[in-house]
Amino acid sequence: MITIWPQYLDKNLSISEGRKVSKEIAVAEPSISEIERALKRMGLKFNTDKERAYPGKWYEKSGRVLVEWEDTKLELLKEVSLKIKEIRN
């Protein structure tokens, strides 16, 4: 299982604040529901935990998504981010 926090995909954050993908791929303020929609379109199994807080921002419950994925975490994050961009357009 791979954990996806919205912060991993957020274009407005720096790498030190939690972003894991490049700014070209990242999206502005991704929501848990957008991540869920992208994963559904990709046909992946996942569980959502909306009451969790990103460790760097323990005071803010942003939620997280646990995904069944065999490849690397970075590959998953890139695909999800690109899928969210596609959904937004």
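Refer to the structure presented above.
A few points on the structure. (Residues numbered from 1 in each chain as written. Predicted model: local features only at pLDDT ≥ 70, side-chain atom pairs only at ≥ 80, totals over all residues. Heavy atoms only, no water.)

Quick look at the pattern of salt bridges now. Proximity of charged atoms lets side chains of opposite charge pair with each other. Scanning the entire structure with this criterion turns up four salt bridges. The closest approach of N and O atoms between glutamate 34 and arginine 88, which form a salt bridge, is 2.8 Å. In this pair, glutamate 34 is assigned in helix H1 (residues 32-42) and arginine 88 in helix H2 (residues 73-88), connecting sequence segments 54 residues apart. We note a salt bridge from arginine 64 to aspartate 49, for which the minimum N-O separation is 3.7 Å. With arginine 64 in strand S3 (residues 64-67) and aspartate 49 in strand S2 (residues 46-49), this pair connects stretches of sequence that are 15 residues apart. Overall, the relative accessible area of 24% leaves aspartate 49 in the partly exposed class. Linked by salt bridges that have partners in common, Asp49, Arg52 and Arg64 make up one network. (Salt bridge = Lys/Arg side-chain N within 4 Å of Asp/Glu carboxyl O. Helix = DSSP H or I, 4+ residues; strand = E, 2+ residues; numbered from the N terminus. Buried < 20%, exposed > 50% of the residue type's maximum accessible area, 1.4 Å probe, protein only.)

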